[in-house]
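Observations on the three-dimensional arrangement
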Amino acid sequence: MMEDNESSAREISFYEVLGIGKKYSYPQCTDDSKQLHVVDDENSGGKLMLDINCVLAGNPKGDHGIIKVEKNRDENDKGIVKSHVPKQELDDVLPPCTVGGERRQKLETRSKTSGQAKKGSIGRRVTKMEVIDLRSLLIDCAKSIAADDRLAADDFLKQIRQHSSPFGDGNQRLAHYFADGLEARLAGTGSQIHKSLIYKLTITYDYLRAYHTFLESSPFGAVSFFAANKLMTIKSKEATRVHVIDFGIHFGFQWPTFIQSLAEREGGPPKLRITGIDFPQAGADRIQETGRRLAHYAETFNVPFEYNVIAQDWETIKVEDLKIDKDEFVAVNCLYRAQNLRDEIGLEDSSRTMVLNLIRKINPGIFIHGIVNGSYGVPFFLTRFREALFRFSAVYDMLETNIPRESPERMLIETGIFGKEALNVIACEGWERVERPETYKQWRMRHLRSGFVQIPFERELIDSAMYKVKKFYHREFVIDEDIKWLLMGWKGRTIYAMSCWQPAV
């Protein structure tokens, strides 16, 4: 099993995860220098050879690797889709393994196969399990914990454990991870377990594998990057120097397609400077490593590039720390990380208000904000638990529908991403509770109070995103718009939302 995991890890590189719409072959690599060079071979038959030393995830000691990118492909190739949407825009959104109608066909086949398996193997045992209402048991257990009735809580947990599993269907997996949170709350170990989960995915290739699978199975990341990068490209089209300030840069998956779009600008690319900001828990070394990867990518496309690192609490950052030049176009980007900013009731100047005030002082040409849409950021445990159960039910149902149960990457997603978030919401309190999402309507009021004016998304951009999601992803994914917010969800439940702002004059 371990050998299989290592083998699959070698097939996914940092650059494959970026979803720039190319098809690659991935041999092994050995060089630890992680250099990226372009070799334009006239005898290569129209192929661009990218010489990548040791960027292949999870393979620090393999053989030297070459990535081949086909520049000229026949239109009859299965990987080419004929549509009225320009291929360049499709490349911006779709991960390399998500091509043509093949993805929709795979999804439909997977759904039918899953349904047939359930019908064909139910039997008496599974029919009996269907009677168990795991969500009601979870809520009853949470009520008992809130009432400090440990005996009743233990009894409910035993029942939940009998009918839940990290290897079962979506509901059983959801119940398993929520039961983990309830047990940790009873034992008072939520903080320790959450910290261990944070550091569990420190191996980059594990996160790459999980992220690649999530990107392929859902449109949320792809559409977010497409919309944000498109807006920044349009707004900065006349600038000769572009400064992107990214709050929560993480591994920087968003920026290679943006770098590529700048490289294609008529008249040559501008100088690009990215300031990568993250919480101190992320570690300056990891953020610096993100910068090195992006620097290699910018070098490939001949885009002048500079990268700065800030790893500290966001509310402590000063405008002077960002080293903003007067003659550069400044774009502020924050996608799905602001829910980790503390916001205690009764505090006049919360971390969220302070960060929004900082962005207002930066006076960016554009501020793009993506948020996790949820109402479980409140301090009251039982209310928070109900809202979290409602939201994560949609998430685990989405994973159940789109990713095979036996997928090891799905386990990484459920444990290291959503399971970790759920445990923090359920088992942690005070400053240790870092998952505090709000609804997009609540965030809208925060922006307006902080002196921002909302900019609507272009109709063409929204229509393009809707078209891509409808054509290449499961039919239950929803892209919508409300009060100038771009909404992304599953079966009518809004999971993520994006907006665009400028400081009021």
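In what follows, the structure referred to is the one given above.
Everything in this summary refers to the structure shown in the same document. (Residues numbered from 1 in each chain as written. Predicted model: local features only at pLDDT ≥ 70, side-chain atom pairs only at ≥ 80, totals over all residues. Heavy atoms only, no water.)

Each helix and strand counted, the protein chain has 18 helices and 12 strands in total. Residues classed as buried in the protein chain amount to 52% of the 505 residues present. (Helix = DSSP H or I, 4+ residues; strand = E, 2+ residues; numbered from the N terminus. Buried < 20%, exposed > 50% of the residue type's maximum accessible area, 1.4 Å probe, protein only.)

This part is about the environment of glutamine 159. Examined against the element boundaries, glutamine 159 turns out to sit in helix H7 (residues 150-163). In this structure glutamine 159 comes out as partly exposed when scored by relative accessible area, which is 29%. Distance in space between the C-alpha atoms of glutamine 159 and leucine 137 is 7.8 Å, their sequence separation being 22 residues.

Okay, the packing of aromatic side chains next. According to the stated counting rule, one finds 21 aromatic pairs in the structure shown. Taking 5.7 Å as the distance between ring centres and 50° as the angle between the ring planes, the aromatic pair formed by tyrosine 376 and phenylalanine 392 counts as tilted. Taken together, the positions of tyrosine 376 in the loop between strand S8 (366-372) and helix H15 (381-402) and phenylalanine 392 in helix H15 put the pair 16 residues apart, joining distant regions of the chain. In this pair, the class of tyrosine 376 matches that of phenylalanine 392, namely buried. (Phe/Tyr/Trp six-rings, centres within 6.5 Å; stacked < 30°, edge-to-face > 60°.)

A few words now on the environment of aspartate 246. Note on placement: aspartate 246 falls in strand S4 (residues 241-247). Here tryptophan 255 takes part through its side chain, which lies 2.8 Å from a polar atom of the side chain of aspartate 246. (Polar contact = N/O pair within 3.5 Å; in protein donor to acceptor, adjacent residues only side chain to side chain.)

Moving on: the pattern of salt bridges. A pair can form between side chains of opposite charge whenever their charged atoms are brought close. Enumeration according to the criterion identifies 24 salt bridges in this entry. Ionic pairing is found between arginine 161 and aspartate 180, a salt bridge with its closest N-O pair at 2.6 Å. Of the two residues, arginine 161 is situated in helix H7 and aspartate 180 in helix H8 (residues 170-187); the sequence distance between them amounts to 19 residues. Judged by its relative accessible area of 25%, arginine 161 falls in the partly exposed class. On the basis of relative accessible area, aspartate 180 is assigned to the partly exposed category, the value being 25%. The network of salt bridges with shared partners includes Arg173, Glu400, Arg405, Arg410 and Glu414. (Salt bridge = Lys/Arg side-chain N within 4 Å of Asp/Glu carboxyl O.)

Another point: the nonpolar core. Grouped together as the largest cluster of nonpolar side chains are 94 residues, with contacts concentrated most on Phe178, Leu182, Phe385, Phe418 and Met498. Considering each element in turn, this core owes the most residues, 10 residues, to H15. Membership of the second largest hydrophobic core comes to 27 residues, among which are Ile362, Phe367, Phe452 and Ala497. (Core = buried A, V, L, I, M, F, W, Y, C linked by side-chain atoms within 4.5 Å.)

This part takes up the packing of H15 against helix H16 (residues 408-427). Two elements in contact, H15 and H16, have axes whose closest approach is 10 Å; the angle formed by their N-to-C orientations is 170°. In terms of orientation, H15 lies roughly antiparallel with respect to H16. Packed against H15, whose contacting residues are Phe381, Arg384, Phe385, Ala388, Arg391, Phe392, Val395, Tyr396, Leu399 and Glu400, the element H16 presents Arg410, Ile413, Glu414, Phe418, Gly419, Glu421, Ala422, Val425 and Ile426 at the interface. Of the residues assigned to the contact of H15 with H16, the class counts are 12 nonpolar, one polar and six charged. (Axes fitted to C-alpha atoms, helices over the stretch in contact; angles between N-to-C directions. Parallel < 35°, antiparallel > 145°, perpendicular 65-115°, else oblique. Contact = heavy atoms within 4.5 Å. Nonpolar A, V, L, I, M, F, W, Y, C, P; charged D, E, K, R; others polar.)

This paragraph deals with the side chain of histidine 369. Within the fold, histidine 369 resides in strand S8. Note on histidine 369: relative accessible area 2%, which makes it buried. Among the polar contacts made by the side chain of histidine 369, one reaches the side chain of histidine 447 at a distance of 3.0 Å. When neighbours within four sequence positions are excluded, histidine 369 is seen to be in contact with Cys334, Leu335, Ala338, Trp443, His447, Trp485, Ala497, Met498 and Ser499.

For the rest of this paragraph, the subject is helix H17 (residues 440-449). Of all the positions in H17, only Tyr440, Trp443, Arg446 and His447 are classed as buried. Mapping the buried residues of H17 onto a view down its axis gives an arc of 110°, with all of them on the same face. Along its buried surface, H17 packs onto helix H14 (351-362), S8, strand S9 (452-455), strand S10 (477-482), strand S11 (485-490) and strand S12 (493-503). A positive phi of about 90° marks glycine 451, the residue just after H17. (Arc of directions from axis to C-beta.)

Looking now at the packing of H8 against H15. For the pair H8 and H15, interaxial distance at closest approach is 9 Å and the crossing angle is 150°. Here H8 and H15 pass one another in a crossing that is right-handed. Along the contact surface, H8 presents Gly170, Arg173, Leu174, Tyr177, Phe178, Leu182 and Arg185, while H15 presents Phe381, Arg384, Phe385, Ala388, Leu389, Phe392, Ser393, Tyr396 and Glu400. (Left-handed = near helix turned anticlockwise from the far one by under 90°.)

This part covers the side chain of arginine 265. For arginine 265, the location among the structural elements is in the loop between helix H12 (255-263) and strand S5 (271-278). Among the polar contacts made by the side chain of arginine 265, one reaches the main-chain carbonyl oxygen of serine 236 at a distance of 2.7 Å. Beyond its immediate stretch of four places on either side in the chain, arginine 265 contacts Ser236, Lys237, Ala239, Val242 and Pro270.

Let us look at H7. Helix length check: H7 (14 residues) gives 20 Å between terminal C-alpha atoms against 20 Å at 1.5 Å per residue, within 8%. Residues Ala153, Phe156, Leu157, Ile160 and His163 constitute the buried set of H7. Burial along H7 is one-sided: seen end-on, the buried residues are contained in an arc of 130°. Those residues of H7 that are exposed and aimed more than 90 degrees away from the buried face are Leu151, Lys158 and Gln162. (Expected span 1.5 Å × (residues − 1).)

Interpretation in functional terms is not warranted from these geometric data alone.
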